[in-house]
Amino acid sequence: MPELEKSSRGTWNTKLGFILAAAGSAVGLGNIWGFPTQVADNGGAAFILIYLVCCLVVGFPVMIAEFTIGRRTQKNPVGAFKALGKGFLAPLIGYWGVLCGVMILSFYLVISGWTLGYVLEEVFYFFGHESIASTLGDLGHGLKNAVFSVIFMLLTVLIITGGVSQGIERATKALMPILLILLIALIVYIFTLDGSMEGLIMYINPDFSTVDGDLILSALGQAFFSLSLGMGALITYGSYLNKEQNLVESAAYVTLTDVGIAFIAGLLVIPAMFVAQYGGTEIFNPETGALHSSVTLVFDVLPELFHQIGGVLGMIIGITFFILLGLAALTSSISLLEVPVSYVIDEFNVRRKKAAWGVGSLVAIIAIIISFDISLIDYFVYIFNEIGLPLGGLMICLFLGYFWKAENALLEIEQGFEGVESHWFAKVWTFFIRYICPVLIGLVLITTIYNIIS
Ligand code: TRP
């Protein structure tokens, strides 16, 4: 009913639809591109364990907080904090979220555009057009980057203009199962190739000697990014919920899906790297012994592997992988765009279509600038992911724990989770939101800032 959504705020059609949309937001480049690299870079399974702890101890409670704030206020992040808090400070958390959304989306589009480029690269390579193929696979090619990131933006805007249930929910419901099937099919295939076992061993064999402060920082930052936390994306998704949904259970499903898919993606990417190494591709830096950087990892090493496999099979596997990555990115980019779009719709009374095209164009302009100088991505990641998201998460915890108060949040959670106030969960969650999460995030942020200064 697109008509309805013009006049009122949209809502999710089904419980599962909401969970899949939120899981779709969470599962993205962060899982398939970010997580495996971090694992390989940080001593294999030791990183996985610490990452798990970060997701459960910090990510999960903050996700419940975001869902609760969203459903209670039925508003975008700026409107939500205005509604719950007094003064001008509270909405700042929302404005920060909107800004992070715009900035993260603009480099996210460039990386997502690379996936589209590589889908075509595989085709041109197969048909022997090597020079076109190498342009399509050239990560630094400004014009090519700009074209593909704008195409990706158009796809994102088209879904968003469809509204909540007809656009976002329908798209993610269709795309998420395809993603999982493609992922598993690729893993089964990779394990038939030489070298994959070596990768598996590195992946599941923990090396605790690499665990230090930096590793914990990376794990926490990765958890925020991968779970889509800290900028109100899940406040926005929660704002389209009715009161029957059990927020705690939903957050548990989303967290487990995200962690699960990251783990499965690692089962594909790390063995695939070792298969590529077996075929002669260099995956470790010979001087430092460290793994090649994340950008090179998925976008250079894996195409190399697909070329090694060769023939129609190599092309099909390559195309499948990059379509998979593109789909995962698409269900995430819609959640990033939905934050500023819902802000414009709610606060300025603009129609969804107009808001989506307007914000989309602004983001596309920034993406085009980044396209021509991809070294900017590092700065964006640093400011908006590594500092911005944990900072947002910290403010959300402090706001909920000390201003809005956990008791009030629990009244909201009660709807859909009867008896929560007397459940042990209530005490544990309140303790985490008030003490554990802010202290942990605070420590990480202080260390980050200390590292910048010194
Ligand atoms: N979680 C997505 C990923 O793993 C990225 C993402 C989508 C995101 N929406 C977000 C990150 C909101 C932070 C906040 O790729």
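Check the entry above for the structure.
Here the structure is a predicted model, which is why all the values come from computation and not from measurement.

Caption draft 1: Highlighting the overall build of the protein chain. A count of helical and extended segments in the protein chain gives 18 helices and 0 strands. Computed over C-alpha atoms, the radius of gyration of the protein chain comes to 21 Å, within 12% of the 22 Å expected from 2.2 N^0.38 for 454 residues, which places it in the range of a compact globule. Evaluated residue by residue, the protein chain yields a buried proportion of 58% over its 454 residues. Of the contacts made within the protein chain by residues no fewer than 6 positions apart, 83% connect residues no fewer than 24 positions apart. When the accessible surface of the protein chain is summed, it comes to about 18000 Å², and 68% of that surface belongs to carbon and sulfur atoms.

Caption draft 2: Spotlight on the packing of helix α6 (residues 89-126) against helix α16 (residues 352-372). At a closest axis distance of 8 Å, the pairing of α6 and α16 adopts a crossing angle of 55°. Taken together, the axis directions place α6 and α16 in an arrangement best described as oblique. Note that α6 runs across α16; the crossing there is right-handed. Judged by residue contacts, Val102, Met103, Leu105, Ser106, Phe107, Leu109 and Val110 of α6 engage Leu362, Val363, Ile366, Ala367, Ile370 and Ser371 from α16. Classifying every residue of the contact of α6 with α16 gives 11 nonpolar, 2 polar and no charged.

Caption draft 3: Seen up close, the site of the ligand. Every one of the 16 residues lining the ligand counts as a neighbour, but Ala26, Gly30, Tyr108, Phe225 and Ser335 are closest to it. One of the side-chain N or O atoms of serine 228 is found 3.1 Å from a nitrogen atom in the ligand. When the free accessible area of the ligand is taken as 360 Å², the share hidden by the protein chains comes to 100%. Mapped by element, the contributors of at least two residues to the shell around the ligand are α2 (15-26), α3 (29-41), α11 (213-226) and α15 (311-348). Grouping the amino acids of the shell around the ligand by side-chain chemistry returns 8 nonpolar, 8 polar and no charged.

Caption draft 4: Structural detail: the nonpolar core. Counting residues in hydrophobic clusters, the biggest one holds 163 residues, and the most contacted among them are Phe299, Phe321 and Trp429. Per-element accounting of this core gives the leading share, 19 residues, to α15. Apart from the residues within four sequence positions on either side, phenylalanine 321 is in contact with Ile32, Leu186, Leu268, Val298, Leu302 and Phe306.

Caption draft 5: Region of interest: the packing of helix α8 (residues 142-161) against α15. Contact pair α8 / α15: the axes reach a minimum separation of 9 Å and the direction vectors enclose 65°. Our pair here, α8 against α15, has a crossing hand that is right-handed. Taken together, the residues of α15 that come into contact with α8 (itself represented by Phe152, Met153, Leu155, Thr156, Val157, Ile159 and Ile160) are Gly326, Ala329, Leu330, Ser333, Ile334, Leu337, Glu338 and Val341.

Caption draft 6: Layout of the packing of aromatic side chains. This model, assessed by the stated rule, comprises 28 aromatic pairs. For the pair phenylalanine 126 and phenylalanine 127, a centre-to-centre distance of 4.9 Å together with 80° between the ring planes defines the contact as edge-to-face. Residue classification places phenylalanine 126 among the partly exposed residues on the basis of a relative accessible area of 32%. Residue classification places phenylalanine 127 among the exposed residues on the basis of a relative accessible area of 56%. Taken together, the ring pairs connect Trp114, Tyr118, Phe299, Phe306, Phe321 and Phe322 into an aromatic cluster.

Caption draft 7: Representation of the side chain of threonine 448. Among the structural elements, threonine 448 can be located in helix α18 (residues 424-453). Beyond its immediate stretch of four places on either side in the chain, threonine 448 contacts Leu217, Tyr382 and Ile387.

Caption draft 8: Examining α8 more closely. With 20 residues, α8 extends 28 Å between its outermost C-alpha atoms, agreeing within 8% with the 28 Å of an ideal straight helix rising 1.5 Å per residue. Within the sequence span of α8, burial applies to Gly142, Lys144, Asn145, Ala146, Phe148, Ser149, Phe152, Met153, Thr156, Val157, Ile159 and Ile160. Against α6, α7 (130-136), α9 (164-190), α15 and α16 lie the buried residues of α8. Phi turns positive one or two residues past the end of α8, at glycine 163, with a value near 95°.

Caption draft 9: Representation of α3. If you check α3, its first and last C-alpha atoms are 17 Å apart, about what 13 residues at 1.5 Å a residue would give, namely 18 Å. Along α3, the sharpest change in direction is near 30° and occurs at phenylalanine 35; proline proline 36 comes one to four residues later. Within α3, 11 of the 13 residues are buried, leaving the element largely enclosed by the surrounding structure. Every buried residue belonging to α3 is among Leu29, Gly30, Asn31, Ile32, Trp33, Gly34, Phe35, Pro36, Thr37, Val39 and Ala40, and all of these are buried. Positive phi appears at glycine 43, one or two residues downstream of α3, with a value of about 80°.

What counts, and at which threshold
- Residues numbered from 1 in each chain as written.
- Predicted model: local features only at pLDDT ≥ 70, side-chain atom pairs only at ≥ 80, totals over all residues.
- Heavy atoms only, no water.
- Helix = DSSP H or I, 4+ residues; strand = E, 2+ residues; numbered from the N terminus.
- Rg over C-alpha atoms; globule rule 2.2 N^0.38 Å.
- Buried < 20%, exposed > 50% of the residue type's maximum accessible area, 1.4 Å probe, protein only.
- Contact = heavy atoms within 4.5 Å.
- Areas by Shrake-Rupley, 256 points an atom, 1.4 Å probe, with all protein chains shown as cover.
- Axes fitted to C-alpha atoms, helices over the stretch in contact; angles between N-to-C directions.
- Parallel < 35°, antiparallel > 145°, perpendicular 65-115°, else oblique.
- Left-handed = near helix turned anticlockwise from the far one by under 90°.
- Nonpolar A, V, L, I, M, F, W, Y, C, P; charged D, E, K, R; others polar.
- Near = heavy atom within 4 Å.
- Polar contact = N/O pair within 3.5 Å; in protein donor to acceptor, adjacent residues only side chain to side chain.
- Core = buried A, V, L, I, M, F, W, Y, C linked by side-chain atoms within 4.5 Å.
- Phe/Tyr/Trp six-rings, centres within 6.5 Å; stacked < 30°, edge-to-face > 60°.
- Expected span 1.5 Å × (residues − 1).
- Bend = angle between axes of the 7 residues up to and from the residue.

Note that every value here comes from positions in space, so none of it alone points to a role or purpose.
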